[in-house]
Amino acid sequence: MNAIARFYTLYWIIYFPTCIAFNDLPGFQSIDEALTALLIVYTFYQKRNPDTNEEPWKEYFTFLGILAFYVVYSLIMQVNVAGAVWIEFVQQIRPYSIIFCTWILNPQFTERQKKWMLTSMVITLASWIFLHPETTQRGVAAEFPVLGQLAICTGMAWYLFTEQSRKNTLIATAIVLTGMLAPKYKFMGEVVCFIALLFFLKKQLDFKSPKTTIAIVLLMAVVITVVWQRFDIYYMSGWNNAALARPMTYKTSLHILWDYFPFGSGMGTFATNGAWVYYSPLYYDYGLNTIWGLDAGGGFICDAFYPTLAQYGIVGTILFCIFWKRRLKAINEIEGMRYYRIALLVFFCLAIEQTADSSWLSGKGMGYCMLLGLCMNANLNRSDNEDDDIMEDEDDLEDADEIEPRSELSLG
């Protein structure tokens, strides 16, 4: 177990500066693929290690089998060239493998290792801001998605890895708010979710309860209100504007789902990096090649994740929903509120992020997946997480040193 924790600590320290903050530097563009392959190989190497979690293996093998089927299906369909299929394969295997491999490895960090990881993240975030002084200049209306992703991942990690206290919760929030120096609209929605879950969620959600449904609807309403300007442009008043790339990508994905029923057009054919590198014939077939941003080399081809599901058809879309339904079920079984909050926050952040970004399929999304994988083992490591109950009142915090660990966690 110590070997796994040491490996994952080093992996974590290397990941954040190279795959999120400075991925655009020479020599760093392919490091996310290398790190993904390394984690997969190391996980299989540790397969017989009794300290790992054997439970996720069955589902992981099922995923790999489904992915293999779609590779073969795509090569047979030949909607796009084989090179596009293999680019898509590399992207699709990444997020699921990061979640499953982290879940399987079940690294249990020492306090020193947690400090090393947090220090590397804070330094990375501060370095990025220092090297981009335009984020603090008045009158500059720039948006930097990298800053938001760094800030919220660092804030979530701070909350997860530090001692439970109101002070650390406030520090985590302050870290997240650094992303507001140059925010993307979707990041602003993620900040709303961060504050709602960390400060107002007192117990686990009962998704069968009308109160929970109302609470989620209200949260969504607040998020949409905060991001309304951009939401309106793309998904309301701009929905019928045939000159806007993103709405047309969404609308065309629905046609592809129908035209290529039931397994889709195949990997690397629509809204992904493979379809951008090897410009997909589908863009000519559906008249998208004349739209700015969707022409050959256009910057909006792989600009949102959800339209990519059209490549996998109705069957693939259903399987994607089943995957997340299973994750939500597992999240709701997490007994410690600290891990429960972060796991649920990762879900909400990814749900928002992918409306107008494809980071789920890139190295930038690996951080979310790593955090989720760690949280999935909270119950397995219950004896090491007895401080998961947040002592909400200041009086409780003052007496925290006198409180003995309890055999059961209070979720209220």
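Residues numbered from 1 in each chain as written. Predicted model: local features only at pLDDT ≥ 70, side-chain atom pairs only at ≥ 80, totals over all residues. Heavy atoms only, no water.

Asks: How would you explain the overall build of the chain if you had to name every residue and give the values?
Replies: A tally of helices and strands in the chain yields 17 helices and zero strands. The C-alpha radius of gyration of the chain comes to 21 Å, within 12% of the 22 Å expected for a compact globule of 412 residues. Each principal axis of the C-alpha atoms in the chain carries an extent, and together these give about 70 × 55 × 50 Å. A burial count over the chain gives 53% of its 412 residues as buried. Sequence separation of 24 or more characterises 75% of the internal contacts of the chain that already satisfy a separation of 6 or more. As presented, the chain carries roughly 19,100 Å² of accessible surface, and 63% of it is formed by carbon and sulfur atoms. (Helix = DSSP H or I, 4+ residues; strand = E, 2+ residues; numbered from the N terminus. Rg over C-alpha atoms; globule rule 2.2 N^0.38 Å. Buried < 20%, exposed > 50% of the residue type's maximum accessible area, 1.4 Å probe, protein only. Contact = heavy atoms within 4.5 Å. Areas by Shrake-Rupley, 256 points an atom, 1.4 Å probe, with all protein chains shown as cover.)

Asks: Go over the packing of helix H2 (residues 31-45) against helix H4 (residues 82-105), please, and point to the residues and values.
Replies: In the contact formed by H2 and H4, the axes pass within 9 Å of each other and the chain directions differ by 40°. With respect to each other, H2 and H4 are oriented oblique. Note on packing geometry: the crossing formed by H2 with H4 is left-handed. Facing H2, whose interface residues are Asp32, Glu33, Thr36, Leu39, Ile40, Tyr42 and Thr43, H4 presents Val90, Ile93, Arg94, Ser97, Ile98, Cys101, Thr102, Ile104 and Leu105. Residues of the contact of H2 with H4, tallied by class, amount to nine nonpolar, four polar and three charged. (Axes fitted to C-alpha atoms, helices over the stretch in contact; angles between N-to-C directions. Parallel < 35°, antiparallel > 145°, perpendicular 65-115°, else oblique. Left-handed = near helix turned anticlockwise from the far one by under 90°. Nonpolar A, V, L, I, M, F, W, Y, C, P; charged D, E, K, R; others polar.)

Asks: Would you mind going over the environment of Phe199 in detail, with residue names and values included?
Replies: Relative to the assigned elements, Phe199 resides in helix H8 (residues 185-199). The spacing of Phe199 and Thr169 is 30 residues in sequence and 8.6 Å in space, taken between C-alpha atoms. Those residues within four positions of Phe199 in sequence are excluded, and the remaining contacts are Thr169, Leu170 and Thr173.

Asks: So what about the packing of aromatic side chains? Which residues, and what values?
Replies: Summed over all chains, the structure comprises 41 aromatic pairs. Measuring from ring centre to ring centre gives 6.2 Å for Tyr70 and Tyr73, while their planes differ by 80°; the resulting arrangement is edge-to-face. In this pair, Tyr70 and Tyr73 both sit in helix H3 (residues 57-77), three residues apart, roughly one turn of the helix. On the accessibility criterion, Tyr73 (16% relative accessible area) is buried. Stacked on the ring of Phe323, the Lys or Arg Arg327 has its end atom at 4.8 Å from the ring centre. (Phe/Tyr/Trp six-rings, centres within 6.5 Å; stacked < 30°, edge-to-face > 60°. Lys NZ or Arg CZ within 6 Å of the ring centre and 35° of its normal.)

Asks: Mind laying out the side chain of Ser265, listing which residues take part and the relevant values?
Replies: Mapped onto the secondary structure, Ser265 falls in the loop between helix H11 (245-259) and helix H12 (273-277). Of the residues examined, Ser265 reaches a relative accessible area of 1% and is grouped as buried. Within the local environment of Ser265, its side chain forms a polar contact with the side chain of Thr269, the two groups lying 2.6 Å apart. Residues in contact with Ser265, not counting those within four places in the same chain, are Val79, Ile256, Tyr260, Leu282, Ala310 and Gln311. (Polar contact = N/O pair within 3.5 Å; in protein donor to acceptor, adjacent residues only side chain to side chain.)

Asks: Give me the lowdown on the environment of Leu198, citing residues and values where you can.
Replies: Along the chain, Leu198 turns up in helix H8. Assessed through its relative accessible area of 5%, Leu198 is described here as buried. For the pair Leu198 and Glu111, spaced 87 residues apart in sequence, the C-alpha separation works out to 22 Å. Apart from the residues lying within four places of it in its own chain, the contact partners of Leu198 are Tyr159, Thr169, Arg341 and Leu345.

Asks: Break down the pattern of salt bridges for me, citing the residues and quoting the values.
Replies: Scanning all chains against the criterion turns up six salt bridges. Close ionic contact of Arg326 with Glu59 constitutes a salt bridge, the shortest N to O distance being 3.3 Å. Highlighted residues: Arg326 in helix H14 (residues 313-331) and Glu59 in helix H3, separated in sequence by 267 residues. Glu59 sits in the buried class, given a relative accessible area of 15%. Residue Arg327 is joined to Glu59 by a salt bridge in which the shortest nitrogen-to-oxygen separation is 2.8 Å. With a gap of 268 residues between them, Arg327 in helix H14 and Glu59 in helix H3 connect regions that are remote in the sequence. Each member of the salt-bridge network shares a partner with another, and the members are Asp32, Glu33 and Arg94. (Salt bridge = Lys/Arg side-chain N within 4 Å of Asp/Glu carboxyl O.)

Asks: For unusual backbone geometry, give the residues involved together with the corresponding values.
Replies: For the peptide bond that leads from Phe261 to Pro262, omega is 0°, which places it in the cis range. Tracing the sequence through the fold places Pro262 in the loop between H11 and H12. A positive phi angle, near 55°, is found at Gln78, a position not held by glycine. Along the chain, Gln78 falls in the loop between H3 and H4.

Asks: Lay out H8 with the relevant residues and their values.
Replies: In a regular helix each residue adds 1.5 Å, so 15 residues correspond to 21 Å; H8 covers 22 Å between its end C-alpha atoms and thus fits that length. Residues of H8 that are buried: Tyr185, Lys186, Phe187, Gly189, Glu190, Val191, Val192, Cys193, Phe194, Leu197 and Leu198. On its buried side, H8 packs onto helix H6 (145-161), helix H7 (166-177), helix H9 (210-226), helix H10 (228-235), helix H15 (337-353) and helix H16 (366-375). (Expected span 1.5 Å × (residues − 1).)

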